[in-house]
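# Observations on chain architecture
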Amino acid sequence: MAEVILKNVWKRYDGTAAVKGVSIEIPDKEFFVLVGPSGCGKSTTLRMIAGLEEASDGEIWIGGKKVNDVPPKDRDIAMVFQNYALYPHMTVYENMAFGLKLRGYSKKEIQDRVKEAAEILNMSNLMHRKPKELSGGQRQRVAVGRAIVRKPKVFLFDEPLSNLDAKLRVQMRMELSKLHDRLQTTMIYVTHDQVEAMTMGDRICVMKDGDVQQIAAPLELYNSPSNRFVAGFIGSPPMNFIEVFISEKLQGEAKGVWLRENDPQISSNGMQIKLIPEMNEIVKSYVGKKVIFGIRPENIYDKLFHSGGFSEGSSVKATIEVVEPMGSEKYLYLNTGKNNFVARVEPHNSAKQQQDIDLVFNMETIHLFDPDSGKTIL
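Residues numbered from 1 in each chain as written. Predicted model: local features only at pLDDT ≥ 70, side-chain atom pairs only at ≥ 80, totals over all residues. Heavy atoms only, no water.

### What about helix H4 (residues 136-148)?
Here H4 contains 13 residues, and its C-alpha end-to-end distance of 18 Å stays within 8% of the 18 Å for a straight helix at 1.5 Å per residue. The set of residues buried in H4 consists of Gly137, Gln138, Gln140, Arg141, Val142, Ala143, Val144, Gly145, Arg146, Ala147 and Ile148. Contacts made by the buried residues of H4 are with strand E6 (77-80), helix H2 (92-102), helix H3 (107-120), strand E7 (154-158) and helix H5 (166-183). (Helix = DSSP H or I, 4+ residues; strand = E, 2+ residues; numbered from the N terminus. Expected span 1.5 Å × (residues − 1). Buried < 20%, exposed > 50% of the residue type's maximum accessible area, 1.4 Å probe, protein only. Contact = heavy atoms within 4.5 Å.)

### Description of the side chain of Asn299
You can see Asn299 is positioned in the loop between strand E14 (290-295) and strand E15 (300-302). At 3.1 Å, the side chain of Asn299 and the side chain of Thr365 are in polar contact. Excluding residues that lie within four positions of it along the chain, Asn299 makes contacts with Val360, Phe361, Asn362 and Thr365. (Polar contact = N/O pair within 3.5 Å; in protein donor to acceptor, adjacent residues only side chain to side chain.)

### A few points about the nonpolar core
Within the largest apolar cluster, 46 residues are counted, with the highest numbers of intra-cluster contacts made by Met96, Met123, Val144, Ile148, Phe157, Leu176 and Tyr189. Look past the residues within four positions of Ile148 in its chain and what remains in contact with it is Ala117, Ile120, Leu121, Phe155, Leu179 and Leu183. Ranked by size, the runner-up nonpolar core spans 32 residues in total, among them Val244, Leu259, Val291 and Ala318. (Core = buried A, V, L, I, M, F, W, Y, C linked by side-chain atoms within 4.5 Å.)

### As for the pattern of salt bridges
It is possible for side chains of opposite charge to pair when their charged atoms get near one another. The tally for this structure, following the rule as stated, stands at 14 salt bridges. In this structure, Glu298 and Arg344 form a salt bridge, with 3.5 Å as the shortest nitrogen-oxygen distance. Linking Glu298 in the loop between E14 and E15 with Arg344 in strand E18 (residues 340-345), this pair joins segments that are 46 residues apart in sequence. Between Arg344 and Glu329 there is a salt bridge whose closest N-O contact spans 3.4 Å. Here the residue Arg344 occupies a position in strand E18, and Glu329 occupies one in the loop between strand E16 (315-325) and strand E17 (330-335), the gap between them amounting to 15 residues. Salt bridges sharing partners connect three or more residues here, namely Lys11, Arg47 and Glu53. (Salt bridge = Lys/Arg side-chain N within 4 Å of Asp/Glu carboxyl O.)

### Some words on the packing of aromatic side chains
On inspection of all chains with the given rule, the structure shows eight aromatic pairs. For the pair Phe155 and Phe157, a centre-to-centre distance of 6.3 Å together with 15 degrees between the ring planes defines the contact as stacked. Residue Phe157 is classed as buried on the basis of its relative accessible area, which comes to 1%. Taken together, a centroid distance of 5.9 Å and an interplanar angle of 65 degrees make the contact between Phe241 and Phe369 edge-to-face. Taken together, the positions of Phe241 in strand E11 (residues 240-248) and Phe369 in strand E20 (residues 367-369) put the pair 128 residues apart, joining distant regions of the chain. Residue class for Phe369 comes out buried when judged on its relative accessible area of 0%. These aromatic residues form a ring-pair network of at least three members: Phe31, Phe155, Phe157 and Tyr189. Across from the ring centre of Phe241, 4.6 Å away, lies the NZ or CZ of Arg228, which sits over that ring. (Phe/Tyr/Trp six-rings, centres within 6.5 Å; stacked < 30°, edge-to-face > 60°. Lys NZ or Arg CZ within 6 Å of the ring centre and 35° of its normal.)

Below, the structure written as structure tokens:
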């Protein structure tokens, strides 16, 4: 049993809170990811679980045991660091075996454990090399192997792939995911890279300024963010945000609730989008007020190339400022006259820079956020 529980955990440095009342329950065998921008408190949270930092307040439980006062070596955890932390004068075998020797394991047990870990990580042919003879990816494997031989209750990873090049990061992501499936052990992984978080985690905890913003499965975070920060942090390219006014129909318009780029009391110009009827009652209290409209790039279509049906009032005119061909898709950077946003369209789209374009918004996928609290309205 390797459940990890944090109960109202705080970390303060000279009166400044780096982690603010974090409460998390991580069940046994879960791959749990802490993600957020630099300085959000994710690594500090991980280090408190490891015992490398002392919690200022709150409780930390591992495997049903409170560990606040338990030293790191007795918490039955293994940690993999960003900088590998290998001994340069030791071979790969000696690096992986060193911790077991300190704990008094027999030579036979050490050999068996190191051999097993080396086979899991496909590095049996590297056992006699020293770190300086290894690539970055191979060094990271050694660091992971050193953790595996411990057979701990919990693995902790602190941005282990950030020093690798892009191609190797993708490969190591896959290997760590396969490793979790094979070992069936609780893993807690810290990263600032939302792509790593989305592709690896069973659940993701998004943090900002020491606070937990949302904990959910990857697709739930993507499709149902709890606030504007989560919506903007998860997804690449990020969600588009436009400040709009909510108003009921004006003279000559179709009945319903509309989102307007400009205050309808001052100007009738600018982008106008009609909400689908199912949303009308939800936003009733915001009529006449500003809200933040959010839509992901893949939910904006070029009307010329869009063959599917679309809801009334979802068409918008914009000017293309930049076209980025990505091979399998194109990014169009657009301007409505007041706001900028990006659309992700099909690679065969013939749109060109400075061209005026008619766009269609998939209104079933939009998000609305309170401008003051940032919380989701829909």
